[in-house]
Amino acid sequence: MSGNLTKVVLLHLAVLVALFAGQFFASDYAVLTLTRIMVLAVYAVGYNFLFGYTGLLSLGHAMFFATGLYVAAIGTTRAGLSVPAAFAMAIVIGFVVSLVMGAIILRATGVAFMIVTLMFSQAAFLTVLYFGEFTRGDEGIVIPDAIRSFIFLGVPVDLTSEVLRYNMALAILGCAVALTLVLVRSRFGHVLIAIRENENRTAMLGYDVARYKLIAFVISGMLSAVSGATYALMFAYAGSTLASIQYSIHPLLWTLLGGASTVLGPVLGTALMFLLVDFASSFTNANLLMVGAVLILLVLFFPKGIIGTLRQRYVPWLP
Amino acid sequence: MTALLETRGLSRSFGGLIAVSEVDFTLMAGEVRAVIGPNGAGKTTFVSLIAGRVPPSSGIVLFEGEDITRLPAFRRVRRGIAYTFQITSIYANLSVSENVELAAHQSGAAGSRAALEHVGLADRAQQIAGTLSYGHQRLLEVAMGLALHPKLLILDEPTQGLSDAEIANFIELVRGLSRDTTVLLIEHNMPVVMDLAHRITVFDRGAILAEGSPGEIRADPAVQTAYLGSADA
Amino acid sequence: MSFFPHLLLALLEGTVAAAVLALSALGLSLVFGVMRVVNVAHGEFFMLGAMLAWWTAKTVPGGPLAGFVAALIVAPAAVGLLAFLTERLLLRRINYDPEATIVATIGLLFVVQQLALSVFGADAKPVAAPFTYRIVFPWFGYSGYKLFVVVASAAILLGVWWVLARTRYGLIMRVTQFDRETATAFGIPVHQVYAAVFVAGAALVAVAAVLIVPIQQAHYLMGLDPLLMSFIVVIVGGLGSIKGSVIAALVIGMADGIISVFFSPTLASILATLLVALVLVVRPQGLYGAPIR
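Since the model is a prediction, treat every value here as computed from it, not as a measurement.

Let's talk about the environment of C:Gly14
All names here are of chain C.
In step 1: Mapped onto the fold, Gly14 is located in helix H1 (residues 3-35).
In step 2: Judged by its relative accessible area of 0%, Gly14 falls in the buried class.
In step 3: Each C-alpha atom, one on Gly14 and one on Val193, is 35 Å from the other, the two residues being 179 residues apart in sequence.
In step 4: Residues contacting Gly14, with those up to four places away along its chain left out, are Gly253, Met254 and Gly257.

Concerning helix H8 (residues 187-197) of chain A
In step 1: A:Phe188, A:Gly189, A:Val191, A:Leu192, A:Ile193, A:Ala194 and A:Ile195 are the residues of H8(A) that are buried.
In step 2: By the N-cap criterion, in which a side-chain oxygen at the helix start approaches the backbone nitrogen of a residue two or three places on, H8(A) is capped by A:Ser186, the distance to A:Phe188 being 3.2 Å.

Structural notes on the confidence of the model for chain C
Residues and elements named next belong to chain C.
In step 1: Averaged over all residues, the pLDDT of chain C is 83; the fraction at 70 or higher stands at 96%.
In step 2: Across chain C, the element-wise mean pLDDT spans from 74 in helix H7 (residues 180-185) up to 91 in helix H2 (residues 42-59).
In step 3: Interface confidence for the predicted complex, expressed as ipTM, amounts to 0.85; the pTM equals 0.86.

Quick word on the interface of chain A and chain C
In step 1: Tallying the contact residues gives 38 residues for chain A and 37 residues for chain C.
In step 2: One can count zero salt bridges joining chain A with chain C.
In step 3: Applying the counting rule to chain A against chain C returns one residue pair in polar contact (both at pLDDT 80 or more).
In step 4: For the side of chain A that touches chain C, the secondary-structure elements that each account for two or more residues are helix H4 (83-105), helix H5 (110-130), helix H11 (246-258) and helix H13 (287-301) of chain A.
In step 5: Considering every element that reaches the side of chain A that touches chain C, the biggest residue donor is H5(A), with 13 residues.

Considering a nonpolar patch on the surface
All names here are of chain A.
In step 1: Taken together, the side chains of Val92, Phe95, Val96, Leu99 and Val100 make up a nonpolar region of the molecular surface, amounting to roughly 390 Å² of accessible area.
In step 2: Checked against the element boundaries, Val96 lands in helix H4.
In step 3: Exposure remark for Val96: the relative accessible area of 43% places this residue in the partly exposed category.

Observations regarding helix H3 (residues 62-77) of chain A
In step 1: Compared with the 22 Å implied by 1.5 Å per residue over 16 residues, the 22 Å span of H3(A) between its first and last C-alpha is a close match.
In step 2: A large share of H3(A) lies buried, amounting to 14 of its 16 residues.

As for the interface of chain A and chain B
In step 1: Facing 15 residues of chain A, the contacting portion of chain B comprises 22 residues.
In step 2: Of the roughly 1600 Å² buried at the junction of chain A and chain B (both faces included), carbon and sulfur atoms supply 58%.
In step 3: Contact with chain B buries surface across chain A, with A:Arg201, A:Met204 and A:Leu205 losing the most and accounting together for 44% of the total.
In step 4: Inspection of the region where chain A meets chain B yields one salt bridge.
In step 5: Close ionic contact of B:Glu141 with A:Arg201 constitutes a salt bridge, the shortest N to O distance being 2.5 Å.
In step 6: Seen at the junction of chain A and chain B, the total is nine residue pairs in polar contact (both at pLDDT 80 or more).
In step 7: Only H8 and helix H9 (199-203) of chain A provide two or more residues apiece to the side of chain A that touches chain B.
In step 8: For the side of chain A that touches chain B, the leading source of residues is H8(A), giving five residues.
In step 9: Class assignment for the residues of the side of chain A that touches chain B results in six nonpolar, five polar and four charged.

Focus on the pattern of salt bridges
In step 1: Going through the model one piece at a time under the given rule, you end up with 17 salt bridges over all chains.
In step 2: For A:Glu197, the salt bridge is made with A:Arg196, and the minimal N-O distance between the two is 3.2 Å.
In step 3: Residue class for A:Glu197 comes out partly exposed when judged on its relative accessible area of 26%.
In step 4: The class for A:Arg196 is partly exposed, based on a relative accessible area of 29%.
In step 5: The residue A:Glu199 makes a salt bridge to A:Lys213 at a minimum N-O spacing of 3.1 Å. Of this pair, A:Glu199 sits in helix H9 while A:Lys213 sits in helix H10 (residues 209-235); the two residues are 14 residues apart in sequence, bridging distant segments of the chain.
In step 6: Residue classification places A:Glu199 among the partly exposed residues on the basis of a relative accessible area of 33%.
In step 7: Via salt bridges that share partners, B:Glu31, B:Arg33 and B:Glu211 belong to a single interconnected network.

What counts as what
- Residues numbered from 1 in each chain as written.
- Chains lettered and ligands numbered in written order.
- Predicted model: local features only at pLDDT ≥ 70, side-chain atom pairs only at ≥ 80, totals over all residues.
- Heavy atoms only, no water.
- Helix = DSSP H or I, 4+ residues; strand = E, 2+ residues; numbered from the N terminus.
- Buried < 20%, exposed > 50% of the residue type's maximum accessible area, 1.4 Å probe, protein only.
- Contact = heavy atoms within 4.5 Å.
- Polar contact = N/O pair within 3.5 Å; in protein donor to acceptor, adjacent residues only side chain to side chain.
- pLDDT = per-residue confidence, 0-100.
- Salt bridge = Lys/Arg side-chain N within 4 Å of Asp/Glu carboxyl O.
- Patch = residues over 30% accessible without salt bridge, like charges linked within 9 Å, V, L, I, M, F, W, Y side chains within 5 Å.
- Areas by Shrake-Rupley, 256 points an atom, 1.4 Å probe, with all protein chains shown as cover.
- Expected span 1.5 Å × (residues − 1).
- Buried area = accessible area lost by both parts, 1.4 Å probe.
- Nonpolar A, V, L, I, M, F, W, Y, C, P; charged D, E, K, R; others polar.

This is the structure in structure tokens:
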């Protein structure tokens, strides 16, 4: 098994190194796009933890992304928090919200679970609109550049710099990937997979299934909140569309495309989807059509996504 | 000596249907107890009540003298009650060894290997569980039960669907097990029951009709009318 | 206006809302109940029905009434055809797997929405009611057409109930709902039943759209609200229970109407969605549904 471990670690490191090297060869536009992709890939990775590995299909993860997003945005613009403080706050509140929502939502199972996540997320979205004086609705909050330059532990940090943003996003993504890798290969991860495969059996083997699900839910929610907070702080914007149902469907789509229940799948899926939309928008305005068509094709022909299919056919040791 | 398992007044109804009615049941450690009875007599419901898969409508369940009635199923497993499903429930997409490793919490790889050897599946450790023959899947379930090191192993119709050779194998397996583990099994296969069981409990319409040694049960006229007479091929 | 007239208005609005809800949800309830799949594109079927109603009214000469009647034929037929194709080409191939169906119908949602945008444009399209009749209360006037919608809705609900409870088709559907495998064993062509139910569900929601569009306007994004509200009604009322859906529609519609009049529509929506979530958490099978097997 340790032979596999080396292969696995090397592969994932290679991907991260490739991403690091990429910034030296890519155009400015590509660097900006890649930064965005990496930040959102964290969201997808977080989503996949719950969807791919634990087998719970949430249609409402936008509420966690939005939690991080708005805590960071409102924290810096209205509560006078510094960027690091706002980021930390977003993680803490992301944790609390995931915990509370998880405790409630996980009491539902199957289709009911999916609908409940959808409903709570929609309620959160409407709440964002309802409290428009704080959230500025779909116009959104813009974080001024001045706030995004700060001193952290004596080091000056300027979030308006593309180079810095790229590498920070890469670092955060790297952490997310590493965390998922470690967890998935651990006993904890194996139990999650067991829950996904046969929940009744897992309970009858003495596992506290409810607790495992809740922990997975919280990890998933927190990663999503981290992604949201990073997004707000790096791209200086928090608007209500980022809390809408569309943003709950996105990570599902990205994960399915890249391959659910694989560690790198969500990252690949996010990147590919961006590329597809970019490519398509050069000759049509019909982005939604592309997204919809891709979803349908995936479900029909590639339910395991790209990396999932790869793993099934050629590379069985991929986590 | 305290009974390993005891139920008092245990009942369960589903809407208007009374599945289990006021059952007082005692099981001593080291026994092999068979639960028999016609279809719909409440055997699986009774055993599900013990395992914690179904909450009782009334009554209590005592394990090693402690009231476990309110305990959820997974905690009962940790206390030492293992249950194998009537309809085989394994992880079809995982390998045989991965299946058993999930059951062997503390004992890890060594414990799971021992369990597999016990049932005779050690050479199939890497095979994907879903590709096993039905008989082997049943054995895998038993192995998973064993890997839990239970004090009480509940087997729900374990020989159903097995060939004669597999059944003979199974009888040997359980006989060996019963030295360390108390076994409670639901069975329709009368030769298996007569061969293995120390004592037999007969269920009929949600209640215990008779209880005794195999000889006593075979001779009991009420049991014969309710069950044995029609089941004897 | 003082309180009582406000309340009367709220009750009227609530009743109309309930009727609209019940009708929109009916199709989803049938599909959900019999096939156990969630059609996330349900709202888009509604939107299509509304768009077609507008287009028919524009194209058919002879005034709003003629347009209305024509739409009642065109919309269900077209939407039903789309549903048929979806069932044949998509749902059947994924074997009605619940998760895959949700994802696939989300894809369908996007495709239909985009097509509507491209074909019909992004502006809101008003459709004239087939007749105008103003019921004059001492304090305000109220649209007679809205009350007609209530009556029509009740009639359709009763009709569907009658088919389910009293005809052979209904029996077949209920058997298939109860246990797909047993139904097959009895020689019931489950695939055909599913196709019929899916098409019927789509046709019903298209009819609902034709009835409702004179009250709202047709817009390519209008599908989301009926989708959510239909979910709410079906889940809270319970899977496969038409009675449950109607009761849930009444409760939610009335609450929605009243809160909308006295407070704000956004708040009403927030409360409605939270209500659904909480009901589901406490009672996953809804108010009247059978416990999940």
